[in-house]
Amino acid sequence: MAFDSPRNAAKSPKLCILLCIFCFLSSSSTWVSGQSSPAFACDVANNPGLADLKFCNQSLPVPERVADLVGRLTLSEKISWLGDAAGNVTRFGIPKYEWWSEALHGVSYVGPGTHFSSVIPAATSFPAVILTAATFNVSLFVAIGKVVSTEARAMYNVGLSGLTFWSPNINIYRDPRWGRGHETPGEDPLLTSKYGSSYVRGLQQSDDGDQDRLKVGACCKHYTAYDVDNWNGTDRYHFNAVVTQQDLDDTYQPPFKSCVVDGNVASVMCSYNQVNGKPTCADPDLLSGVIRGQWNLHGYIVSDCDSVEVFYDYQHYTKTQEEAAAKALLAGLNLDCGVYLGKYTQGAVNAGLVNESVIDNAVSNNFATLMRLGFFDGDPRKGPYGNLGPNDVCTQAHQDLARQAAREGIVLLKNTAGSLPLSPTAISSLAVIGPNANATDTMIANYQGYPCKFTSPLQGLTASVATTYAAGCSNTACAVIQLDNAKTIAAAADATILIMGADLSIEAESRDRSSISLPGQQQQLVTAVANVSKGPVILVIMSGGSMDVQFAKDNPKITSILWVGYPGQAGGAALADVIFGYYNPSGRLPVSWYPESYTNIPMTNMNMRPDPSTGYPGRTYRFYTGPTIYTFGDGLSYSEFTHHLGLAPSSVSIPLGEGHACRSSTCKSIDVVEDGCQNLAFEIHLRVINGGEMGGSHSVLLFSSPPPTVHNAPQKQLVGFEKVFLMPESEGLVRFMVDVCKDLSLVDELGNRKVALGQYLLHVGSLTHTLNVGI
């Protein structure tokens, strides 16, 4: 989705993002007055004649209802339902419907389908996804989705939103310079898959568990290999992602597959970029072949906004607009966020470029989704969610969950003895310094709504102790530092909190970073203040992307480092909870942090695996061979958690038939589709001991290192994770069920999923265990 898509940017991808945000904020699309009715079809109560139409008969199967509806429509009427601003069909009582709404981390005002008003002026704003992912808590991912869908349904009932929300963003955060990384769950395919499918289930699942019904319709985006927005003269509208089949199936595709197969998502959105020379929204192999064919999507495929126009106008992939419309439809696109299909499909039919049956198939997928949502079931206020309204938005329980998500995701990266947690009774004065120290809007990142309320870091900290405050810089760019006041209050305070980092002026959609150091003169500000501080110095990084903070890691005057992502509406309260020990930090980094020298790697190189011949170091913790500041999964606690192996096999044998080729010759791996590779699993039991004096949650991450010489295997990959809460000086048992042919598998050079034969190393923290996989 795009603030500066061709539609919004008057065909200029370089239009400043801030101007676009301002337009959204100030336009009538975000705020309306009063209350209206929801959009719905089959209003039999006011139009009894509709009761005779099969598509209005709720007792019939959805496919039968859809076939009846599509069979009644003219070609022109069907074409009007190929765009996000779908046209009404008055003769059948079908109103206009706007498909585009957003709910990345709360109901958003981005997109014309959602508005706020005096009836519902705000919605709960959770942390940016990158921080929620740092919790490694699947039940939390689901719970947030449920809250967001409840608030969305409440807004729909008073005419303020639609039912289709184009979230989540599940692209792999491959490079720390990417401006949209904070929208994603991070760099790991498994964590991203678990987040995506879990959040989707939270959004979509009906209260009665009926898989044929949807509470709201989610959308997994941006398919696929999309993670360059605007870097060094290359923008997403022109970028051709050159990706090996191995990397595509091993890294970029798994989250989307999980979204469809495990999450049963209602929609997948194709991206602006090309993959290996083909626009994703015009690639039949990627759309019809994989999403619809291999993964069996039960829903619709939508373009990112104006992607069809992009591959005609910017990428020059087709010679005419009509050919562009035909290519998209024939590839398997069902809905255009934009006007191109609405404008040029009729001409494509007239020219013989596409048959009406292809259009029938496209709108059938769209209508089927709306029927699962109850759009064709009459007045929704008389339906399963009809009781939801303004009182169900921004409830205290919802706001408490936003605070819990933020504090559970905060990552403690450094903590010198005697630093954190601070004692609110022993500290009489606290200096709070930095351009993000009193942040509000920064905390809710992008694709945001109007939050229920804000608690800034300064407000959160001041609730526990007396504070003095100095910004130190006028903004996060920090071109000029204002040292005098900052040094004065730090020298006088019992402890100093420096809250630095980034905001949307540094990293955002259409704004990739060129540097991964703290912006401007922030490092100089931090060092100067630390040198004069008389007490502990806590550096807090508020950002989506990683930062080179080696200077702070090495500086003994900086006693603690915290990363808080973009922590949502309650971010300041959550930060105070951690700093004062009301909450024991348990977050783990969902991305690796690199030195500034990492920026010498071209961002446009999509290869995950290293290339020793060129010095290319690879990407993410799974393949990267260079130095890091911190690595995926890093995170400290105020307690000392240890792991002890209780149960794990030393070897696993994959049963193969007597005539199998691998019985007579040496094989390095076997296909996961082999009969012997089904339902082959083993258990791992871990005793986890909290040896500290503070109770707290602990994320247990299980990694596997496959045999290194087989198929350019990852040097390490996440197999599973669990969250456990332990009281002080207590222990618990954590169980992992490891499916050999799923969890330990890897992808070969041709894109086939295999199980490597040989010695694996399983590890949790400092605990390691050797496992031999054979036949």
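Numbering of residues starts from 1 in each chain and follows the order in which that chain's sequence is written. Given that this is a predicted model, residues contribute local features only at a pLDDT of at least 70 and side-chain atom pairs are listed and counted only at 80 or more, while totals for whole chains, interfaces and linings are drawn from all residues. Neither water nor hydrogens contribute to the side-chain values; these are computed over all heavy atoms in the structure.

With respect to the overall build of the chain
Phase 1: Strands here mean DSSP runs of E at least two residues long; helices mean DSSP runs of H or I at least four residues long; both are numbered from the N terminus. Scanning the chain from terminus to terminus reveals 21 helices and 27 strands.
Phase 2: A compact globule built from 775 residues would reach a C-alpha radius of gyration of about 28 Å, and the chain, at 26 Å, matches this within 12%.
Phase 3: Across its three principal directions, the C-alpha atoms of the chain cover 80 × 75 × 50 Å.
Phase 4: Remark: exposure states derive from per-residue accessible area (1.4 Å probe, protein chains only) relative to the maximum for the residue type, with buried under 20%, exposed over 50%, and partly exposed in between. A burial count over the chain gives 62% of its 775 residues as buried.
Phase 5: A separation threshold of at least 6 residues defines the contact pool for the chain, and within that pool the share at least 24 residues apart is 78%. Based on C-alpha atoms, the radius of gyration is set beside the globule rule, defined as 2.2 Å times the residue count to the power 0.38. Whether two residues touch is decided by their heavy atoms; if any such pair falls within 4.5 Å, the residues are in contact.

Considerations on the packing of aromatic side chains
Phase 1: Paired rings are identified among Phe, Tyr and Trp, the last through its six-membered ring, by centres lying within 6.5 Å, and are further divided according to the angle between planes into stacked (under 30 degrees), edge-to-face (over 60) and tilted (the rest). Across all of its chains, the model carries 33 aromatic pairs by this definition.
Phase 2: Look at Trp563 and Trp593: their rings are 6.4 Å apart centre to centre, the planes differ by 90°, and that puts the pair in the edge-to-face class. Highlighted residues: Trp563 in strand 16 (residues 560–563) and Trp593 in the loop between helix 19 (571–579) and helix 20 (620–623), separated in sequence by 30 residues.
Phase 3: Grouping aromatic residues by their ring pairs yields a cluster made of Phe55, Trp81, Phe92, Tyr97, Trp99, Tyr300, Phe367, Phe375 and Phe376.
Phase 4: Above the plane of the ring of Tyr447 lies Lys221, whose end atom (NZ or CZ) is 4.9 Å from the centre. Two conditions define a charge located above a ring, namely a distance within 6 Å from the ring centre to NZ of Lys or CZ of Arg, and an angle within 35 degrees of the ring normal.

Some points on a negative patch on the surface
Phase 1: Residues Asp207, Asp208, Asp210 and Asp212 make up a contiguous surface patch of negative charge.
Phase 2: Counting through the fold element by element, Asp210 comes out in the loop between helix 6 (189–204) and strand 3 (220–223). A patch is a set of surface residues, each over 30% in relative accessible area and not in a salt bridge, joined within 9 Å for like charges and within 5 Å for the nonpolar side chains Val, Leu, Ile, Met, Phe, Trp and Tyr. Under the convention used here, a 1.4 Å probe and the Shrake-Rupley method define accessible areas, while residue burial counts only the protein chains that appear. Between Lys or Arg on one side and Asp or Glu on the other, a salt bridge is scored when a side-chain nitrogen of the former is within 4 Å of a carboxyl oxygen of the latter. Only four residue types enter the charge count, namely Lys and Arg as positive and Asp and Glu as negative; His and the chain termini do not. Where a charge lies is defined by one atom per residue type, namely NZ (Lys), CZ (Arg), CG (Asp) and CD (Glu).

Quick notes on the pairing of strand 14 (residues 495–501)
Phase 1: Where burial is concerned, most of strand 14 is hidden: seven out of the seven residues are buried.
Phase 2: Neither face of strand 14 is open: one carries Ala495, Ile497, Ile499 and Gly501, the other Thr496, Leu498 and Met500, and all of them are buried.
Phase 3: Two strands pair when backbone bridges link them, and strand 12 (residues 430–433) and strand 14 are joined in this way by four bridges, in the parallel orientation. Bridging from a neighbouring strand, Ile433 pairs with Leu498 of strand 14.
Phase 4: Note: strand 14 against strand 15 (residues 537–542), six bridges, orientation parallel. Among the inter-strand pairings, Ile499 is bridged to a residue of strand 15, identified as Val540.
Phase 5: For a crossover, the right-handed case is the one in which the path from the first strand over the helix to the second runs clockwise, viewed with the strands pointing away from the viewer. Crossover connection from strand 14 via helix 17 (residues 522–532) to parallel strand 15: handedness right-handed. At least two bridges found by DSSP between two strands are what make those strands a pair.

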